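Structural overview
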There are 2 protein chains.
Amino acid sequence: MATRIGRYTLRLDTSPSVECYAAIGAKKEAEGPLAACFDQLMEDSTLGEQTWEKAESRLQKEIVALALNKGGLSPEEIDCIFAGDLLNQCTSSSYGLRSFGLPLIGVYGACSTMAESLGLAGLFVEGGFARRAMAVTSSHFCSAEKQFRFPLEYGGQRPPTSQWTVTGAGAAVAGPSGGPPYLRAVTFGRVQDMGIKDANNMGAAMAPAAADTLLRYFDDTRTAPEDYDMIFTGDLGQIGSDLLLQLTAPRGIDLAGKHTDCGLLIYDRKKQTEVGAGGSGCGCAATVLCGYLLDQLREGRFQEILFMATGALMSPTIVQQGESIPGVAHLLHLSANPWPKEVVS
Amino acid sequence: MATRIGRYTLRLDTSPSVECYAAIGAKKEAEGPLAACFDQLMEDSTLGEQTWEKAESRLQKEIVALALNKGGLSPEEIDCIFAGDLLNQCTSSSYGLRSFGLPLIGVYGACSTMAESLGLAGLFVEGGFARRAMAVTSSHFCSAEKQFRFPLEYGGQRPPTSQWTVTGAGAAVAGPSGGPPYLRAVTFGRVQDMGIKDANNMGAAMAPAAADTLLRYFDDTRTAPEDYDMIFTGDLGQIGSDLLLQLTAPRGIDLAGKHTDCGLLIYDRKKQTEVGAGGSGCGCAATVLCGYLLDQLREGRFQEILFMATGALMSPTIVQQGESIPGVAHLLHLSANPWPKEVVS
């Protein structure tokens, strides 16, 4: 039974484990600084499929199989999957996961999906609703460019504020195993819209949501940045990260040295200049979490982290109609240790 | 704390109440047999907005305000909203709900969204994750036609298997009030794909998912159709409903006289011949549930019902690529009475 802390934060008193997890990337990710953290790096970003949409579905299928395999689990040991993605009607998830025969609880949080889905999976374990629940998401540079911006063949120029959609997928299983890493708390985000209308500047559109969720989490838990080894946002990139610091500083929260962004970790922006302000897409936060962060916790190199994936909740249609871009951010507190007994008893 | 019954079904031992709910429709719904059940019927299906997408967002904003108002609740009394819709990137939900300042947990289940979101809301109450959680969804004939089929101006012909997307929205609040109706059990669906490729025959694409979820629920709970006053599917329409009976009969489940479909209830197919095989869209199951079914339970005219909304998890893009259409169905057991103490103790 979770305990509500303050107005917005749920403390998972049983500290569900993230039992197993995996990350897949492709060529661009193989050239980045986290290359060694991926379980698999696809040479061929079509994955042998005829369309980019089918290639992305295939990423989800592969990542679920990989994560189960790493955990020595069969699909029958999973009670439900929370999954979503950026494609229209979330088809990567529905098509990619249809062969597993598991209850599918579809979610949509744009690039915040990894935090949303793993938060829900953890709560399902906490509440006894599932013995094990899985969280999955993906993105693909080519399906995203085609859908949100221009067909690749058009060769559209990208402004420096733009971000590079990660071709990759991450999956994680929440369960009762009792080993690290542990999921300690979840804060679901409120939609924030500061009027940004530039679909090539998602970092700016999402930063207010990241600030809102983080401030509410600190308020609720009476903690501060110094209580954590590090705070990882999902895909704010350089511009959104700078804005996050500017938005939180006036509230007395100094994130300097305590914050970085998955979109800044996954690529080397000096060498890979084409990535612009950093990585993005559901696969960005998902692969950095499932490829890098969870291992750091498991191996004790981090003790306490906050993982906050951010999503820009727009569609090309509605932005073309002159609307601004709302953002949302969901936060997870992950730890190398379960809650101490004196806290949760 | 929910109890897992069998492999797939969650029994909500605290029997959360559906405390308040509301339904909005438009002109076509005003001409149908359930007209009197709607809380509001919009004369102008633009809702004063410049685009169909914005009109549908407006539907979500209005329905949340209406449901809260009916329940005498302020937004501050709601801990989170589960919402989703059919539009690309679920923009009706994100844009429609951004002004409420509440945590938004985006879901995607196509037309199964009302059952998915209310199931999750009920589980959040059951698990102590929320004191009150809201479930919301919508659809709009004009935004759906434009996105999934043809622009209205094109005047495309509709085959008789096609269904008519409901212009409407429903919202319901799960909470602890202790009055009827009660949410007793949830079964989340597995994706089923029998190879249907006709995007004008959604009923056929979704019927296998409905059959799968229903059979698993009966297996898990050791109940049968005769234990319920009625079983309501979401939007199978006539063709999908016929198929559901054909798919369940060989398994010894006789639904004759015990099953109807929200898509058959909402319109008068004899007079409103343009609706084809019946109503559809997230708003179909949502308005029939929130406008009609929940009142029947509250007033004791039904004692036990199953509400199973069905979704076709396709996108136009992936169907044009030659893919078949997977379906999913999520089931809720709703009752005029809470679980008897001897069952849950």
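Structure first, text after, so check above.
Residues numbered from 1 in each chain as written. Chains lettered and ligands numbered in written order. Predicted model: local features only at pLDDT ≥ 70, side-chain atom pairs only at ≥ 80, totals over all residues. Heavy atoms only, no water.

**Here we look at the overall build of chain A**
Within chain A, the secondary structure is distributed over 11 helices and 15 strands. What you see for chain A is a C-alpha radius of gyration of 18 Å, in line with the 20 Å of a compact globule of 345 residues. Overall, the C-alpha framework of chain A stretches about 60 × 50 × 35 Å when taken along its three principal axes. Counting over 345 residues, chain A shows a buried share of 66%. Taking the contacts inside chain A whose residues are at least 6 apart along the sequence as the reference set, 77% of them involve residues at least 24 apart. For chain A, the computed accessible surface area is about 11000 Å², with 50% contributed by carbon and sulfur atoms. (Helix = DSSP H or I, 4+ residues; strand = E, 2+ residues; numbered from the N terminus. Rg over C-alpha atoms; globule rule 2.2 N^0.38 Å. Buried < 20%, exposed > 50% of the residue type's maximum accessible area, 1.4 Å probe, protein only. Contact = heavy atoms within 4.5 Å. Areas by Shrake-Rupley, 256 points an atom, 1.4 Å probe, with all protein chains shown as cover.)

**A few points about the interface of chain A and chain B**
How big an interface is tends to be stated in terms of the accessible area lost upon association of its parts. Between chain A and chain B, the contact holds 62 residues from the first and 62 residues from the second. Measuring nitrogen to oxygen at the nearest pair gives 3.7 Å for the salt bridge that ties Asp79 of chain B to Arg4 of chain A. Viewed at the interface, chain B and chain A are joined by 30 residue pairs in polar contact (both at pLDDT 80 or more). Of the residues forming the side of chain A that touches chain B, the biggest block, 5 residues, is contributed by helix H4 (residues 113-126) of chain A. (Salt bridge = Lys/Arg side-chain N within 4 Å of Asp/Glu carboxyl O. Polar contact = N/O pair within 3.5 Å; in protein donor to acceptor, adjacent residues only side chain to side chain.)

**Side note on the pairing of strand S10 (residues 182-187) of chain B**
Residue and element names in this part refer to chain B. Within S10, 6 of the 6 residues are buried, leaving the element largely enclosed by the surrounding structure. In this structure, strand S2 (residues 9-11) lies alongside S10, joined through 3 bridges in antiparallel fashion. In the sheet register, Thr9 faces S10, and the bridge partner there is Thr187. Pairing geometry for S10 and strand S15 (residues 327-335), over 5 bridges, is antiparallel. (Pairing = 2+ DSSP bridges.)

**Overview of the packing of helix H6 (residues 202-221) of chain B against helix H7 (residues 237-248) of chain B**
All names here are of chain B. As a packed pair, H6 and H7 sit with axes 8 Å apart at the nearest point and diverge in direction by 40°. Comparing the axis directions of H6 and H7 gives the class oblique. In terms of crossing hand, the pair formed by H6 and H7 is right-handed. On H7, the residues that touch Gly203, Ala204, Ala207, Pro208, Ala210, Ala211 and Leu215 of H6 are Gly240, Leu243, Leu244, Leu247 and Thr248. (Axes fitted to C-alpha atoms, helices over the stretch in contact; angles between N-to-C directions. Parallel < 35°, antiparallel > 145°, perpendicular 65-115°, else oblique. Left-handed = near helix turned anticlockwise from the far one by under 90°.)

**Quick word on the nonpolar core**
In this structure, Ile63, Ile81 and Met134 of chain A together with Ile63, Ile81 and Met134 of chain B are the most contacted members of the largest nonpolar core, which totals 126 residues. Those residues in contact with Met134 of chain B, other than ones at most four positions away along the chain, are Val64, Ala67, Leu68, Ile78, Cys80, Ile81, Phe82, Ala121, Ala171, Ala172 and Val173 of chain B. If you look at the next biggest cluster of nonpolar residues, it comprises 109 residues, including Met230 of chain A together with Val18, Ala172 and Leu293 of chain B. (Core = buried A, V, L, I, M, F, W, Y, C linked by side-chain atoms within 4.5 Å.)

**Considering the pairing of strand S7 (residues 133-139) of chain B**
All names here are of chain B. With 7 of 7 residues buried, S7 lies mostly within the body of the structure. Neither face of S7 is exposed, since Ala133, Ala135, Thr137 and Ser139 on one face and Met134, Val136 and Ser138 on the opposite face are all buried. Relative to S7, strand S5 (residues 80-85) runs parallel, the two being bridged by 6 bridges. In the strand pairing of S7, Phe82 is matched with Ala135. When S7 meets strand S9 (residues 168-175), the two strands line up antiparallel, connected through 7 bridges. Looking at the pairing, Thr137 lines up with Gly170 of S9.

**Remarks on the pattern of salt bridges**
Proximity of charged atoms lets side chains of opposite charge pair with each other. Counted according to the given criterion, the structure contains 36 salt bridges over all chains. Two residues, Glu274 of chain B and Lys28 of chain B, come together in a salt bridge whose shortest N-O distance is 2.6 Å. With Glu274 of chain B in the loop between helix H8 (262-265) and strand S13 (279-280) and Lys28 of chain B in helix H1 (residues 27-30), this pair connects stretches of sequence that are 246 residues apart. Sharing partners across several salt bridges, the network here consists of Arg4 and Arg7 of chain A together with Asp79 of chain B.

These figures capture arrangement, not role.
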